[in-house]
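Here is what each chain is made of, one letter per residue.
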Amino acid sequence: MGKIALVTGGSRGIGRAIVRELTENGYFVCFTYRRGKEEAYRIVQEIGEDKVKAFECNIQNFDEVKEKVEEEVIKPFGACDVLVNNAGITKDNLFPLMEIEDFREVIEVNLIGMANVTNVCIKSMMGKREGVVVNIASVSGILGSFGQTNYAAAKAGIIAFTKALAREVGKYNIRVVGVAPGFVETEMFAKIPFDKKKQMIGNVSLGRAGKPEEIASIVSFLVSSKASYITGTTIIVDGGLV
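Residues numbered from 1 in each chain as written. Predicted model: local features only at pLDDT ≥ 70, side-chain atom pairs only at ≥ 80, totals over all residues. Heavy atoms only, no water.

Draft legend 1. Local environment of the pattern of salt bridges. In total, this model carries 13 salt bridges according to the counting rule given. For glutamate 72, the salt bridge goes to lysine 53, with nearest N and O atoms at 2.9 Å. One end of the pair, glutamate 72, is in helix H3 (residues 62-77); the other, lysine 53, is in strand S3 (residues 52-56), with 19 residues separating them in the sequence. With a shortest N-O distance of 3.2 Å, lysine 66 and glutamate 70 are connected by a salt bridge. In this pair, lysine 66 and glutamate 70 are both assigned in helix H3, 4 residues apart and thus about one turn of the helix distant. By relative accessible area, lysine 66 is classed as partly exposed at 36%. The network of salt bridges with shared partners includes Lys91, Asp102 and Glu105. (Salt bridge = Lys/Arg side-chain N within 4 Å of Asp/Glu carboxyl O. Helix = DSSP H or I, 4+ residues; strand = E, 2+ residues; numbered from the N terminus. Buried < 20%, exposed > 50% of the residue type's maximum accessible area, 1.4 Å probe, protein only.)

Draft legend 2. The pairing of strand S6 (residues 174-181), seen in detail. The buried count for S6 comes to 8 of 8 residues, which makes it a mostly enclosed element. The alternating pattern of S6 places Ile174, Val176, Gly178 and Ala180 and Arg175, Val177, Val179 and Pro181 on opposite faces, both of which are buried. Where strand S5 (residues 131-136) lies against S6, 6 bridges are found, and the strand directions are parallel. Across the sheet, the residue bridging to isoleucine 136 is valine 179, located in S6. (Pairing = 2+ DSSP bridges.)

Draft legend 3. Main features of the sheet that holds S5. Spatially, the 7 strands line up as an open sheet ordered S3-S2-S1-S4-S5-S6-S7, and their pairing is parallel. At either end of the open sheet lies a strand with only one pairing partner, and these are S3 and strand S7 (234-237). Averaged over all neighbouring strand pairs, the angle between strand axes comes to 15°, with direction disregarded. Taken together, the 4 bridges between strand S4 (residues 82-85) and S5 define a ladder with parallel strand orientation. Across the sheet, residue valine 84 finds its bridge partner in S5, namely valine 134. Contacts between H3 and the sheet are confined to strand S1 (4-7), strand S2 (28-33) and S3, with S3 contributing the most and set at about 160° to the helix. Against the sheet, helix H9 (residues 212-223) engages S4, S5, S6 and S7, with an angle of about 165° to S6. (Axes fitted to C-alpha atoms, helices over the stretch in contact; angles between N-to-C directions. Contact = heavy atoms within 4.5 Å.)

Here is the structure:
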């Protein structure tokens, strides 16, 4: 069947583009979803069950992650060759006005959820002495974004996690890399008011938002043998955001 990839949050936006890109490059892709059941199964129908499978998983719950990943990925295929931690949420607000539960949930989904899935998958990679983990971070975790203290904190944590884990597992021939997108044309970006989007794009050197496919192509490169000496770093893909 070839190499097996697991993509979290693969039913929409950047995750969906990554699923398509990896299947086109010969991977069999398993991907998780939380609320996008209809979108997930539409992707499976479009790509084909011989190339992709979807399963529901709450990545905040470690026991559920362990059960689902082992059942849907590890046992059927023997191991996970590539893991792309993409799943995430936003709950933006100015910090003094933010509900602490909204802060906690964004941290739990974006950062703790990423750690949960990685903890399960990395062990199978260590057994094979081979693998690649790609963590989708954000320029918000580097620059800090107005109204996104929770999201920025989570994404900054992912960047630091990427550096530290790469040091630990390099001896097993496992690479860990991050990708930090800027503004990308996703369903989430489409909901931003026009005037606000215009202001945001005004800070981008290329004068436009990125496309999910552009992020997916970077991920595809990073998991390939062409990127075999890249680990422990996060690639910024933001169109020259200033």
